[in-house]
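Fold and geometry: a report
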Amino acid sequence: MKRVYFLVGFFGLLLLASGCVQLPSSGQAPAAVQATKYVCPDGKTIVENVTSCPPPLSATKELTEQEKALEVCVGMPQLQMGSLEDLCITGVAAKFSDSDICKEVSRDQRLNCYTIVAEVLGDPEICKKADSSMVDQCFNQYASEKKDKSVCEKIVETSSKDRCYEQLANSLVDPELCEKIREVYMSGNCYSNIAMRLGDSSYCEKITNADRKQSCLMNFQKSEQFPVQKPQPPR
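Below is a short write-up of the structure.

The rules behind each value
The residue numbers shown here count from 1 along each chain, following its written sequence. Reporting in this predicted model follows two pLDDT cut-offs: at least 70 for local features of residues, and 80 or more for side-chain atom pairs to be given and counted; totals over whole chains, interfaces and linings ignore these cut-offs and use all residues. Hydrogens are left out, water is left out, and the side-chain values use all remaining heavy atoms of the structure. Two cysteine sulfur atoms make up a disulfide if the distance between them is within 2.5 Å. Secondary structure counts use DSSP, requiring at least four H or I residues in a row for a helix and at least two E residues in a row for a strand, with both numbered from the N terminus. Each residue gets one of three labels from its accessible area relative to the maximum for its type: buried under 20%, exposed over 50%, partly exposed in between, using a 1.4 Å probe on protein chains only. For a helix, the expected span equals 1.5 Å multiplied by the number of residues minus one. By definition, residues are in contact when any of their heavy atoms lie within 4.5 Å. Basic side-chain nitrogens of Lys or Arg form a salt bridge, by our definition, when they fall within 4 Å of a carboxyl oxygen of Asp or Glu.

So, the state of the cysteines
Inspection of the entire model under this criterion finds six disulfides. Cysteine 73 shares a disulfide with cysteine 88; S-S distance 2.0 Å. Taking the sign of the torsion about the S-S bond as the criterion, the disulfide between cysteine 73 and cysteine 88, at about -70 degrees, is left-handed. Here cysteine 73 is found in helix 3 (residues 65-73), whereas its partner cysteine 88 is found in helix 4 (residues 84-95), with 15 residues between them in sequence. Residue cysteine 73 shares its accessibility class with cysteine 88, and that shared class is buried.

Structure representation (structure tokens):
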């Protein structure tokens, strides 16, 4: 009898225990736990673990020699003679033969920068990278520094081209360049200078302006009273 009571009690406890466990229905899912998210230092990347953030740019990119050189220029003072920062940047552009650096220079100093880089590279085409208003001036300065008369032909504006030929005619003592000058007065000056430099009055005769021709001949006559050593014309 006691055994019967024991078995009944055991099964009763088993039924009570099974009734205390509530299983979720087939259509329900356990509630999800909201994960904590972090915004990385770059302000864009969002992660759940801060160790997953990408390294900062400064940690992944080492400055080039050119960038290091430009950093030295930053903050240099402005003097009466001009901006030392612009001079420094121009120097960096010349050192690395990179005309794109000239864009970092103040606008009023870019002509000088492009001209210097062009001279360093021996390439007058660099002048075309300058602002359109500066291109002819750049060609003019390049031709003058390099004594390259072929560059004068690249100049578009007539008076600038004439000045280029006149300067080189004088520095190279080349009368043929006077023939390329279109402006009458400037052409006369060119021939007059050549006549004096070579001690040859025949170049005065090439002057089309009567007054300028007469002035050239008179100056030549005076110079004959005080002869100087004549430079030799180019061959």
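More follows now that the structure is in view.
Examining helix 7 (residues 158-172)
Here helix 7 contains 15 residues, and its C-alpha end-to-end distance of 21 Å stays within 8% of the 21 Å for a straight helix at 1.5 Å per residue. For helix 7, the complete set of buried residues consists of Ser160, Lys161, Asp162, Cys164, Tyr165, Leu168 and Ala169. On its buried face, helix 7 is in contact with helix 6 (135-146) and helix 8 (184-198).

Here we look at the pattern of salt bridges
Considering all chains together, one arrives at seven salt bridges under this definition. In this structure, arginine 107 and aspartate 131 form a salt bridge, with 3.4 Å as the shortest nitrogen-oxygen distance. Of the two residues, arginine 107 is situated in the loop between helix 4 and helix 5 (110-121) and aspartate 131 in the loop between helix 5 and helix 6; the sequence distance between them amounts to 24 residues. On the accessibility criterion, aspartate 131 (24% relative accessible area) is partly exposed. With a shortest N-O distance of 3.9 Å, aspartate 131 and arginine 110 are connected by a salt bridge. Taken as a pair, aspartate 131 in the loop between helix 5 and helix 6 and arginine 110 in helix 5 lie far apart in primary sequence, 21 residues in all. Accessibility expressed as a relative area gives 21% for arginine 110, which makes it partly exposed. Put simply, Arg107, Arg110 and Asp131 are held in one network by salt bridges that share partners.

A few points about the environment of glutamate 119
The topology assignment puts glutamate 119 in helix 5. The sequence separation of glutamate 119 and glutamine 141 amounts to 22 residues, and the corresponding C-alpha distance is 9.5 Å. Ignoring any residue separated from it by four or fewer positions in sequence, one finds glutamate 119 in contact with Gln141, Tyr142, Glu145 and Lys146.

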